[in-house]
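These are the residues of each chain, in order.
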Amino acid sequence: MLVIFGASGDLTARKLVPALYSLYVEGQLPEHFVVLGTSRSDMTDADFRNQVVIESDYLKEKLKNSDEAKTKKFAEMFFYQDLGESYDVDYSPLRKRVGQLNDEKRTQGNIMYYLSTPPRLYETIAKNLAEAGLSTQNNGWKRLIVEKPFGYSLETAKALNQGLQEHFKESQIYRIDHYLGKETVQNLLVTRFSNSIFEPLWNRNYIKHIEITNAESVGVEKRGGYYDKSGALRDMFQNHLLQIVSLIVMEPPIGDKAEEIRDEKVKALKSLRVMRDEKILHDHTIRAQYMASNIQGKKVKGYREEEGVDPESTTETYAAIKFYVDNWRWKDIPFYVRTAKRMPTKVTEVVIHFKTPHHQIFKDSGIHNKDNKLIIRIQPDEGILIKFGVKVPGQGFKVERANLDFYYSSLMETHVMEAYERLLLDAMQGDATLYARADEVEAAWEFVDPILDYWQHGKDVRMYGYPSGTWGPKNSDDLIEGEGYWRNPGENLTDDENYCVLC
Ligand SMILES: NC(=O)C1=CN([C@@H]2O[C@H](COP(=O)(O)OP(=O)(O)OC[C@H]3O[C@@H](n4cnc5c(N)ncnc54)[C@H](OP(=O)(O)O)[C@@H]3O)[C@@H](O)[C@H]2O)C=CC1
Ligand SMILES: O=C1O[C@H](COP(=O)(O)O)[C@@H](O)[C@H](O)[C@H]1O
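Residues numbered from 1 in each chain as written. Chains lettered and ligands numbered in written order. Predicted model: local features only at pLDDT ≥ 70, side-chain atom pairs only at ≥ 80, totals over all residues.

Regarding the sheet that holds strand E5 (residues 142–146)
Piece 1. Ordered in space as E3-E2-E1-E4-E5-E6-E17, the 7 strands form an open sheet in which the pairing is mixed. The sheet terminates laterally at strand E3 (78–82) and strand E17 (435–436), the two strands that pair on one side only.
Piece 2. Relative to strand E6 (residues 173–176), E5 runs parallel, the two sharing 3 bridges. From the neighbouring strand, Ile 145 faces E6, where its bridge partner is Tyr 174. (Pairing = 2+ DSSP bridges. Helix = DSSP H or I, 4+ residues; strand = E, 2+ residues; numbered from the N terminus.)

What to know about the nonpolar core
Piece 1. Counting residues in each nonpolar core, the largest one holds 119 residues, and the members touching the most others are Leu 144, Val 146 and Phe 237.
Piece 2. The element best represented in this core is helix H10 (residues 232–249), accounting for 10 residues.
Piece 3. Formed jointly, this core draws a minimum of three residues from each of two domains, domain 1 (2–147) and domain 2 (180–356 + 410–417 + 438–483).
Piece 4. Beyond its immediate chain neighbours, meaning those up to four positions away, Phe 237 contacts Ala 232, Leu 242, Ala 319, Ile 321, Val 337, Thr 339 and Val 448. (Core = buried A, V, L, I, M, F, W, Y, C linked by C-beta atoms within 7 Å. Buried ≥ 20, exposed ≤ 12 C-beta atoms within 10 Å, placed from the backbone. Domains from an automatic or database assignment. Contact = placed C-beta atoms within 7 Å.)

Section: the UniProt feature "binding site: NADP(+)" (unreviewed entry) in the protein chain
Piece 1. Within this numbering scheme, the UniProt entry marks Arg 40 and Lys 148 as carrying the feature "binding site: NADP(+)" (unreviewed entry).
Piece 2. Tracing the backbone shows Arg 40 in the loop between strand E2 (35–39) and helix H2 (45–54).
Piece 3. Classification of Arg 40 by C-beta neighbours within 10 Å gives partly exposed; the count is 14.
Piece 4. In contact with Arg 40, not counting residues within four places along its chain, are Leu 83, Gly 84, Glu 85 and Ser 86.
Piece 5. Its place among the elements puts Lys 148 in the loop between E5 and helix H7 (154–167).
Piece 6. Judged by the 18 C-beta atoms lying within 10 Å of it, Lys 148 is partly exposed.
Piece 7. Those residues in contact with Lys 148, other than ones at most four positions away along the chain, are Ile 176, Asp 177 and Asn 239. (UniProt positions renumbered as here; feature names shortened; annotations may be inferred.)

A few points about the domain arrangement of the protein chain
Piece 1. Examined at the domain level, the protein chain breaks down into domain 1 (2–147) and domain 2 (180–356 + 410–417 + 438–483).
Piece 2. A straight line from the C-alpha centre of domain 1 to that of domain 2 covers 33 Å.

Notes on the site of ligand 2
Piece 1. Contacts to ligand 2 come from His 178, Glu 216, Asp 235 and Met 236.
Piece 2. The class makeup of the residues in the shell around ligand 2 is 1 nonpolar, 1 polar and 2 charged. (Near = placed C-beta within 6 Å. Nonpolar A, V, L, I, M, F, W, Y, C, P; charged D, E, K, R; others polar.)

Section: the packing of helix H8 (residues 183–193) against H10
Packed helix pairs are characterised by how far apart their axes lie and by the angle those axes make with each other.
Piece 1. Where H8 contacts H10, the axes come no closer than 9 Å and their chain directions differ by 15°. Between H8 and H10, the interaxial angle falls into the category roughly parallel. Relative to H10, the crossing made by H8 is left-handed. Seen from H8, the contacting residues are Val 185, Leu 188 and Leu 189; seen from H10, they are Ile 244, Leu 247 and Ile 248.
Piece 2. Classifying every residue of the contact of H8 with H10 by side-chain character gives 6 nonpolar, no polar and no charged. (Axes fitted to C-alpha atoms, helices over the stretch in contact; angles between N-to-C directions. Parallel < 35°, antiparallel > 145°, perpendicular 65-115°, else oblique. Left-handed = near helix turned anticlockwise from the far one by under 90°.)

This is how it looks when you write it as structure tokens:
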């Protein structure tokens with residue numbers, strides 16, 4: 001059984017139910033599976049089914065020409081239990097309903113609790129579940145899936161971890177980071193560790209620098225209230241992007257078990273050089289906000305004009321950070337990571353820039369500095385691309401660019417699971433590999449906290465502006481200047497660069 005807290009909310013309708021539907025259609029849900037939604041809203045089972053399944057625009061968009069009978073059958077798995085005035089109440093009525101459903105539907109007593117409420121309620125819900133005897137595992141396992149954000153700072157993350165661990169064991173807690181559910185993010189591990197082509201080169205001897213871009217074309221949409229208290233660093237960098245960084249930085253795990261992989265990720269995050277010096281923080285971090293602009297003839301609001309945002313807000317919608325990793329493998333190799341809203345396009349990619357060959361034989365070709373890259377495209381057009389030089393047929397040694405590429409879309413017969421689909425399935429199967437452990441979350445905050453502190457209290461901290469629909473403030477180019485320029489997919493192309501869609 002899946003029990004969703006905050007079931008009347010956006011996440012349930014937008015992500016969870018469509019993911020469950022796909023699992024249902026693919027026959028991946030266990031027999032006798034039940035979803036019990038719960039929140040403060042007054043709803044019947046039928047109301048809940050209508051809201052999140054039958055009348056849901058998100059599901060309609062996904063289903064298009066689907067079979068109505070199948071959707072109705074799917075909806076019959078959904079039930080609803082009103083909690084009352086607040087989440088901090090006696091959960092005995094909930095327990096009774098869970099028991100009834102277990103008996104009626106002949107479930108095996110295994111329960112996943114999904115916390116999809118405002119985060120300040122997470123601990124309260126865990127406590128009330130435990131007090132009602134709903135966390136004990138004597139008749140089936142009990143797991144607690146927790147949505148991000150996992151805290152607002154190192155201190156609050158520690159308090160949250162401690163609070164949850166008072167009522168559930170760490171092995172029962174699944175902290176969801178949907179980027180880990182993305183196929184290409186997981187493929188980072190396979191690309192690195194399933195062959196002996198890349199790994200021998202994956203170090204400071206061959207790599208010059210690493211660049212990660214996460215760009216979204218949308219603004220804050222309807223989440224201005226939440227976002228203004230969060231900002232790009234907390235919303236994307238502390239979790240999703242540092243998860244990607246940990247997979248790039250980590251040492252080979254001894255095996256593919258969850259704890260073996262997570263142990264290495266923690267070590268990787270702990271090796272990030274924490275920036276404490278004001279001068280370094282000043283030179284290595286950039287923050288900015290999107291400004292009003294015209295995108296393809298359409299007027300777009302500036303961040304400070306968005307609903308729910310303080311008109312004098314100093315919350316960043318753009319963050320670019322340069323940092324180093326203090327370990328044997330990465331000593332002195334710079335990492336450049338940026339994330340932003342209202343960019344020209346939606347793209348997430350990792351670019352591994354290899355060093356220029358130490359002796360340049362074909363120097364007249366001018367190709368050396370521009371190629372030598374491995375691009376891992378996380379979204380869209382998921383895939384991998386190697387850019388290198390090849391000889392142009394004919395006399396002399398004219399060198400031309402070439403790409404070796406792999407696209408997930410070429411695997412026609414394979415259904416690439418959506419992140420939430422994969423993660424829900426993993427949690428049901430007890431596989432926590434793609435979930436963040438408490439110490440991982442804390443290690444990420446250790447790195448992020450001083451940056452946030454500097455941005456809030458430091459001297460001479462700037463907040464730049466960038467017109468919506470552009471690649472961010474001009475000043476961010478200074479950050480990467482020593483390496484050339486940011487790879488803005490679709491931009492900075494010279495005439496002889498024949499970029500494919502993946503570029
Ligand atoms: N939406 C998204 O795309 C993402 C969301 N998340 C996280 O998932 C969680 C849920 O997100 P989302 O569904 O968007 O959130 P919503 O704001 O839609 O809230 C979910 C539910 O929580 C209850 N709730 C809302 N505000 C309060 C309040 N002030 N006091 C008590 N209960 C309240 C409501 O149910 P009721 O009033 O009926 O009790 C509501 O339906 C959040 O922690 C969010 O940070 C993470 C990643 C993406
Ligand atoms: O967690 C979040 O992620 C989304 C971006 O997710 P993606 O899968 O579409 O790349 C972001 O828009 C949101 O602000 C953030 O909270």
